[in-house]
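Structural overview for review
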2 protein chains.
Amino acid sequence: MRDLTALFCPKSVAIVGASRTPEKVGAIVLKNIISSGFTGKIYPVNPNADQIGSLACFKDTAGLPEVPDLAVIAIPVPGALEALTQVGEKGIKNAVIFSAGFKEIGEEGKKLEDELISIAQKYNINVLGPNCLGFVNNLCPINVTFGEVAAQTGNLRFISQSGAIASSLFDWCKSNGLGFSEFVTLGNKAVINENDVLEYFQGNKTPVTGSLPNVQPIGLYLESISRGADFLKLTSEITKTDPIFILKPGKTKAAAKAMQSHTGAIAGEDVVLEAVLTQAGVIRCQTLEDFFDLSRSFAWEDSPVGPKVAIISNAGGPAVISADAVTTEGLTLTEFDAQTHEKLLEVLPRSAAILNPVDVLGDALAQRYLQAAEIILPNAQVNALIVILTPQIMTQISQTATILGVLSQKYRKPIFCSFIGGSLVAEGEQKLNEYKIPSFRFPERAIRAVAQMWKFKHHQEEQAENAPAQPVDFRVDLKHSLRSSDLKNVLQKSPDSIQINEFLQSAGFSTPPTNRVSSLEQAKSFAQQFGYPVVLKLSSPGLLHKKKIGGVITGIENDAQLENAGYKISQAAVRLQQGTGQAVAIQIQKEVGPGVEVIIGVKQDPTFGSVLLFGAGGSFAELIADRNLHLLPMNISQAKKLVEKSKIFVALSGSNGDPVYVLDKLYETIIRLGQLAVSCPEIKEIEINPAIVTLDNVWAVDGKVVLAK
Amino acid sequence: MRDLTALFCPKSVAIVGASRTPEKVGAIVLKNIISSGFTGKIYPVNPNADQIGSLACFKDTAGLPEVPDLAVIAIPVPGALEALTQVGEKGIKNAVIFSAGFKEIGEEGKKLEDELISIAQKYNINVLGPNCLGFVNNLCPINVTFGEVAAQTGNLRFISQSGAIASSLFDWCKSNGLGFSEFVTLGNKAVINENDVLEYFQGNKTPVTGSLPNVQPIGLYLESISRGADFLKLTSEITKTDPIFILKPGKTKAAAKAMQSHTGAIAGEDVVLEAVLTQAGVIRCQTLEDFFDLSRSFAWEDSPVGPKVAIISNAGGPAVISADAVTTEGLTLTEFDAQTHEKLLEVLPRSAAILNPVDVLGDALAQRYLQAAEIILPNAQVNALIVILTPQIMTQISQTATILGVLSQKYRKPIFCSFIGGSLVAEGEQKLNEYKIPSFRFPERAIRAVAQMWKFKHHQEEQAENAPAQPVDFRVDLKHSLRSSDLKNVLQKSPDSIQINEFLQSAGFSTPPTNRVSSLEQAKSFAQQFGYPVVLKLSSPGLLHKKKIGGVITGIENDAQLENAGYKISQAAVRLQQGTGQAVAIQIQKEVGPGVEVIIGVKQDPTFGSVLLFGAGGSFAELIADRNLHLLPMNISQAKKLVEKSKIFVALSGSNGDPVYVLDKLYETIIRLGQLAVSCPEIKEIEINPAIVTLDNVWAVDGKVVLAK
């Protein structure tokens, strides 16, 4: 673990490349440090100056009168590397490098970055950057950036791989009166990555008191995740107390390509990340707007303790729109009780809508909003209140905002506002900002924020509930032959389906009887031994998608059909052999079922390690699009949850009219495959597809194994 | 067709309920009419005043010196109804009624609204409202609302069922320098509905010249659609020249409930509306934010003629985020040719990214944006340019905006901006507004707008391409017995599956041989006649979801299995009979296949009439969630498109390894069912499920028919 205390809250700082030319990075950062109210010592370093402003300037790092806690390197490559060496020689243990021109520009820059890393290792320096905007720590206080930062302090903490996102957030925070405690930009993450900073955050909690929610929400903008296992562990721990929300682009190939020319980030599979974030309780933002919205929401409001919301609006249209959004976002509209209805009837005009959403009508003055809110806020069935305002001719925009501010302090229940319009409503929004009530120009945005916050809270609750009852791990008895050392004997480099069948059987999976056959007689004798129906398949090392080339014939019911099928499959074998030049065998298998076809697989993700996949298998798997992932290891209650959240569960559980299939054996099969994959690191990828879940067994019918090179 | 010219552009107007008390509706509307620059005659009507301002006031409508073109009724119920009668008696043909308290408040109000409708019918009055905010016609000009309206004129046209949405838009348009020509609020649509106004818009085109796109975009906020067939026809016609975009809430039950207490709108099935809008080329907004964004985009920019966009950004992070959004929204990033790369290399710094997205780097001044844009805009492979700016320390925000404004005028290629931040970027946005360049605080919003505009353009192109080649309708020869008059003889009120089978067969569908059986012997003899495999099913009037109660046994291959299955199905029959008290028969059917199970159905939508459904059928239909709709009538090329856009098409077309099934027969079957439904209005609902598409035929295996009461 790195100790980053002296980096983020230094007592003394050297600025290598400090400058008197105002537009230079070395001048801006010096100005920022001074004007941020930093109370420690500042040492400008510049061979061509004796004095910068009122500060004495040093010719080189070696000549500094002490070993400062932090060195800021504000000179371009290749000078930056030389400077880092001097920093190391001086014994300085923390450095921020702004300079670009490293990994992000390609091969040449990659070499420079490798050099940077080895200097950092040699001298044991915590380097932030390169290619970053630096950091702000308002608690210290110190602003080590070359950006324009509003120094307002608040409970937010940010880690951003992009300096520009930071610049935009600085501007946005300032306009909205939103404050943060720390803002760290990572740049290329050559040495320090998000996990180091998260660990620092975790170890340096400074709970904020007063009217703010008592949390320190962390916003992450990351283009790549470093050391996935650490990330999962750290975030899972932090979300027990504080919300984390992340914007992580790279879902599409286009973005992945764009990222490479930016911070050189390489993206793993996005679905894996999605599963990790869900497991860790980290809220994922779909857009930059989500990220900005959640910054404000988590900073200013408590997460609602339930999904039930009430809406007060002075307009029917936006109320209707909001009702749609409430459902779409997975929240619910509280159904008011008779008492609430009566109270609302008392204070509202006859034609107002007293069902939720409450329409206080277009002529509502601030007082009417107050009356309705005073009835709704104390209602235990309301977890959050959403207030919508449209600027009608008599609407008291600013007064209404003030009243909501007072109510928020009085009831301490989350309130979210949407004042819809342009410059008329802007004044009200400003007032809401003063009272730290999150407001959104459009009601759907408010509702989305509430939903995300509830998602976070819900995860916390689930974790808290599950923690004590965490079941003892279900241990599968893997056969002796499957120790890693023996694995390569069991499996060829590129096994065919019969070898995979044997392998799966030896690992304790149920596999239908099968054999290699080279004549009709052999096939018939197999059918006599095990009974019809049977299946004929092609079998060849590495052969996938057999069905597409006519390489699977199912439902063979008798000798006549077997003869016919045997003829066809032989033809297919010849075609394949001619096409590929590889040996092709014919496999016969006892047909199992009826049942439900599923897929169970484990894959190695480059960032997060072993990931288990479960979902619908068989012909329509792609159409059903049922991919459910969980990071290994997993216990049986997690396996159960994974199956239950799958789409195919409806077929497995009997709720669509089918019988109830053997779910316990399915969980066991999943755990078994997971343990097999984890205990044999030689397996890069393993998949049972289809596994057929019947009334009394789970059959591993076919599969795929890829060994690590 | 209503002539609304005198309503929306009157030469004279009476205000019934005109008032001197400034906060009264009757005073506000009078003030609005005067200050909007209306040049016609204005007649205040109020029994208690001789003069209002400088205008002579009349005691009653009867006493007006002429028959004005328009009467504005600004008094509450029930007086409003009396006033309408007087308006009718005077011979005034157009009225706006602001008053609330009608259908939207329930049963009592509904009666008043019925009364209003009959008065309007008696005197043949075009009534706008009640419960509306009135209208603005900036071309006349006249502002007949009691809202605060900025009178800026522009090419937008709005129809809104909600007055509050109008108020918000007025405020937003004003803040953003956005102008409209007409804004009509509909309220309860007692007499005039959106179709009447659309028809008026269609007949009153006032093309705007100059730098604006030469279109008159129409924005619709509707909670219900009136006369669906008219709506489809009108919008399909208008979108040939002008964009229409709509916000229509009511997707969820919660919203439908909220709507009823608002404008009393009742929602049909949202999926039907979705299909209608797609057919008509109307762009559907998912959120209010979409609606506001598209207002500005369609008003100020030409729709891009292709999906290829280029991005210029001064920051890598937002560029990466945008690359994701481009793909997610169905656009593509132009791949620049070598020449473009070279040109960019010449003008940009070495570490800039010259692939698309182009990163001009954080230190880019306005000039560098200009240089990059000058290279990219003339590129024929770029259909729209998206410019992203983050406020970094040296960023020239306002100058960059100005440069983009000049470039927009020079190249006349759509430019969309996202300046990300707070108050720093606001100035730039203001400048962009002046140049009428759509800007968005978040890049994903800009990209979404471009995608929606391209969707509109693409629809236009498709329509233009298809129009001349519209194939002659494919006529199915429906059997004589299926004339409407005979239908009730063919079908019982609640037919069982055997009757439905007979009915489908008589309508020309291929049905597998089937029969009612009451003994094992009968079943065996059926199997002998038609061959194994066979299916046994329960058959009872109105019985659906047979499978869920064990009422379907498939794959019966021989006498022994038939015996076993016969025993099971008899037991199920007894259970069902005991449970329901209804007669239950057992049906035997020749099993067809192998093939792909699909569903083909026709349903009557209350708004839009007959809608045909096609999609995946069988056990996994719900999981695949493959509902594709088309309004009837349809031609064979439309049937083809419907099938091609379905998810199950991948299985039908052989691209997943299956053989190619008999698509022509499938199209024919679809057309046949559509024609059957249209020619027999007694059929409320008809469904073939499953239809099994094999290599040479489409088999109607089971179905459902519901007759209108």
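Residues numbered from 1 in each chain as written. Chains lettered and ligands numbered in written order. Predicted model: local features only at pLDDT ≥ 70, side-chain atom pairs only at ≥ 80, totals over all residues. Heavy atoms only, no water.

1. Here's the deal with the overall build of chain A
Along its length, chain A carries 24 helices and 29 strands. A principal-axis box enclosing the C-alpha atoms of chain A has dimensions of 95 × 80 × 45 Å. Across the 709 residues of chain A, 58% fall into the buried class. Here the contacts in chain A between residues at least 6 apart in sequence split such that 71% fall between residues at least 24 apart. In the structure as shown, chain A presents an accessible area of about 27600 Å², 52% of it carried by carbon and sulfur atoms. Charge separation in chain A, taken as the distance between the mean sites of 65 positive and 71 negative side-chain charges, equals 3 Å. (Helix = DSSP H or I, 4+ residues; strand = E, 2+ residues; numbered from the N terminus. Buried < 20%, exposed > 50% of the residue type's maximum accessible area, 1.4 Å probe, protein only. Contact = heavy atoms within 4.5 Å. Areas by Shrake-Rupley, 256 points an atom, 1.4 Å probe, with all protein chains shown as cover. Lys, Arg positive; Asp, Glu negative; His and termini not counted. Charge placed at Lys NZ, Arg CZ, Asp CG, Glu CD.)

2. Quick look at the domain arrangement of chain A
Segmenting chain A into domains produces domain 1 (5–297), domain 2 (303–465), domain 3 (478–487 + 494–590) and domain 4 (596–707). The straight-line distance from the C-alpha centre of domain 2 of chain A to that of domain 4 of chain A is 43 Å. (Domains from an automatic or database assignment.)

3. Description of helix α19 (residues 520–530) of chain B
Residues and elements named next belong to chain B. Every buried residue of α19 is listed here: Ala523, Phe526 and Ala527. Summarising the axial view, the buried residues of α19 lie within an arc of 95°, below the 170-degree limit, and thus occupy one face. Exposed and oriented more than 90 degrees from the buried face of α19 are Glu521, Gln528 and Gln529. Packing partners of the buried residues in α19 comprise β20 (514–517), β21 (534–539), α20 (559–580) and β23 (585–590). (Arc of directions from axis to C-beta.)

4. Points about the interface of chain B and chain A
Frequently, the measure chosen for interface size is the accessible area that the parts lose on association. Taken together, the contact pairs 78 residues of chain B with 78 residues of chain A. In total, about 6300 Å² of surface goes out of reach between chain B and chain A, with carbon and sulfur atoms giving 65% of it. Linking chain B with chain A are two salt bridges. Put simply, Arg350(B) and Glu108(A) hold a salt bridge, and the shortest N to O gap is 3.8 Å. (Buried area = accessible area lost by both parts, 1.4 Å probe. Salt bridge = Lys/Arg side-chain N within 4 Å of Asp/Glu carboxyl O.)

5. Describing the nonpolar core
In summary, soluble globular proteins display a tendency toward joint burial of nonpolar side chains. The biggest cluster of nonpolar side chains holds 274 residues, and the ones touching the most others in it are Phe135(A), Val144(A), Phe135(B) and Val144(B). With residues up to four places along the chain from it excluded, the contact list for Val144(A) reads Val29(A), Ile33(A), Leu70(A), Val72(A), Val96(A), Phe98(A), Leu133(A), Gly134(A) and Phe135(A). Of all hydrophobic cores here, the second largest spans 85 residues; its members include Phe614(A), Leu632(A), Leu707(A) and Ile624(B). (Core = buried A, V, L, I, M, F, W, Y, C linked by side-chain atoms within 4.5 Å.)

6. Considering the sheet that holds strand β10 (residues 156–160) of chain A
Ordered in space as β9-β8-β11-β10-β12-β13-β14 (chain A), the seven strands form an open sheet in which the pairing is mixed. At either margin of the open sheet sits one strand with a lone partner, and together these are β9 (142–145) and β14 (283–284) of chain A. (Pairing = 2+ DSSP bridges.)

7. Focus on the side chain of Asp359(A)
All names here are of chain A. Mapped onto the elements of the fold, Asp359 is located in strand β17 (residues 358–359). One buried charged side chain, Asp359, makes no salt bridge at all; its nearest oppositely charged neighbour is Arg368, positioned 7.3 Å away. Separated by 3.5 Å, the side chain of Asp359 and the backbone nitrogen of Gly316 make a polar contact. Once residues within four sequence positions are removed from consideration, Asp359 is found in contact with Ser313, Asn314, Ala315, Gly316, Ala352 and Ala353. (Polar contact = N/O pair within 3.5 Å; in protein donor to acceptor, adjacent residues only side chain to side chain.)

8. Some details on the packing of aromatic side chains
As enumerated under the stated definition, the model contains 34 aromatic pairs over all chains in all. Seen in terms of ring centroids, Tyr200(B) and Phe201(B) are 6.2 Å apart; in terms of plane orientation they differ by 50°. Their pairing is tilted. Assessed through its relative accessible area of 1%, Phe201(B) is described here as buried. Note on Phe526(B) and Phe530(B): the rings are 4.6 Å apart at their centroids and 45° apart in plane angle, and the pair reads as tilted. Of this pair, Phe526(B) and Phe530(B) both sit in helix α19, separated by four residues, roughly a single helical turn. The ring of Phe509(A) is capped by Arg672(A), whose NZ or CZ atom sits 5.9 Å from the centre of that ring. (Phe/Tyr/Trp six-rings, centres within 6.5 Å; stacked < 30°, edge-to-face > 60°. Lys NZ or Arg CZ within 6 Å of the ring centre and 35° of its normal.)

9. Concerning the relation of the copies chain B and chain A
Least-squares fitting of chain B to chain A yields an RMSD of 0.0 Å, with the transformation described by 0.0 Å of translation along the axis and a rotation of 180°. One copy is carried onto the other by what is essentially a two-fold rotation axis. Nearest to the rotation axis, the C-alpha of Ile624(B) is located 2.3 Å from it, this being the minimum over chain B. An overlap of 100% is found between the interface residues of chain B and their copies at the interface of chain A, pointing to a shared contact surface. (Least-squares fit on C-alpha atoms with pLDDT ≥ 70 in both.)

10. Re the pattern of salt bridges
Close approach of charged atoms lets side chains of opposite charge pair. Residues and elements named next belong to chain A. Counting across every chain of the model gives 60 salt bridges over all chains. With a closest N to O distance of 3.7 Å, Asp196 and Arg2 form a salt bridge. A residue pair is termed long-range when its members are at least 10 positions apart, and Asp196 in helix α6 (residues 194–203) and Arg2 in the segment before α1 (5–8) qualify at 194 residues. For Asp196, a relative accessible area of 5% puts it in the buried group. Since its relative accessible area comes to 29%, Arg2 is described here as partly exposed. The network of salt bridges with common partners includes Glu289, Asp290, Asp293, Glu329, Arg445 and Arg448.

11. Focus on the sheet that holds strand β22 (residues 552–556) of chain A
Residue and element names in this part refer to chain A. If you trace the four strands from one edge of the open sheet to the other, you get β20-β23-β21-β22, paired in antiparallel fashion. Edge positions in the open sheet fall to β20 (514–517) and β22, since each of these has one partner strand only. Here the strands of the sheet are splayed against their neighbours by 25° on average, with no regard to which way each runs. Bridge count between β20 and strand β23 (residues 585–590): four bridges; the pairing is antiparallel. Paired with Asn515 across the strands is Ile588, a residue of β23. In the packing of helix α18 (residues 497–506) onto the sheet, the strands contacted are β20, β21 (534–539) and β23, and the crossing angle to β23 comes to about 40°. Contacts from helix α20 (residues 559–580) reach β21, β22 and β23 within the one sheet, and its direction differs from that of β21 by about 10°. (Axes fitted to C-alpha atoms, helices over the stretch in contact; angles between N-to-C directions.)

12. Side note on the packing of α19(B) against α20(B)
Residues and elements named next belong to chain B. Where α19 contacts α20, the axes come no closer than 10 Å and their chain directions differ by 140°. In terms of their interaxial angle, α19 and α20 are classed as oblique. Helix-helix and strand crossings are classified by hand; for α19 and α20 the assignment is right-handed. Every residue of α20 that contacts α19 at Leu520, Ala523, Lys524 and Ala527 is listed here: Asp559, Leu562 and Glu563. In the contact of α19 with α20, the residues fall into four nonpolar, no polar and three charged. (Parallel < 35°, antiparallel > 145°, perpendicular 65-115°, else oblique. Left-handed = near helix turned anticlockwise from the far one by under 90°. Nonpolar A, V, L, I, M, F, W, Y, C, P; charged D, E, K, R; others polar.)

13. Observations concerning the confidence of the model for chain A
All names here are of chain A. Looking at chain A as a whole, the pLDDT averages 90, with 93% of positions reaching at least 70. Here residues 468–474 is a poorly scored stretch, pLDDT under 50, and it has nine contacts once near neighbours within four places are set aside; other chains count. Contacts of residues 480–485 to residues separated by more than four positions or lying in other chains number 14 contacts, the stretch itself having pLDDT below 50. Note on the complex model: pTM 0.92, ipTM 0.90. (pLDDT = per-residue confidence, 0-100.)

14. Thoughts on the pairing of strand β18 (residues 384–389) of chain B
Residues and elements named next belong to chain B. By the criterion of burial, β18 is predominantly enclosed, with six of the six residues buried. What you see with β18 is no split at all: Ala384, Ile386 and Ile388 on one side and Leu385, Val387 and Leu389 on the other are buried throughout. The sheet contact formed by strand β15 (residues 308–313) and β18 spans five bridges and is parallel. Bridge pairing in β18 links Ile312 to Val387. Two strands pair when backbone bridges link them, and β18 and strand β19 (residues 415–419) are joined in this way by five bridges, in the parallel orientation.

15. Some details on the side chain of Lys189(A)
Residues and elements named next belong to chain A. Looking at the element boundaries, Lys189 is found in the loop between β11 (180–185) and α6. Within polar-contact distance, the side chain of Lys189 engages the side chain of Glu194 at 2.9 Å. Look past the residues within four positions of Lys189 in its chain and what remains in contact with it is Gly129, Gln161, Glu194, Ser224, Ile225 and Ser226.

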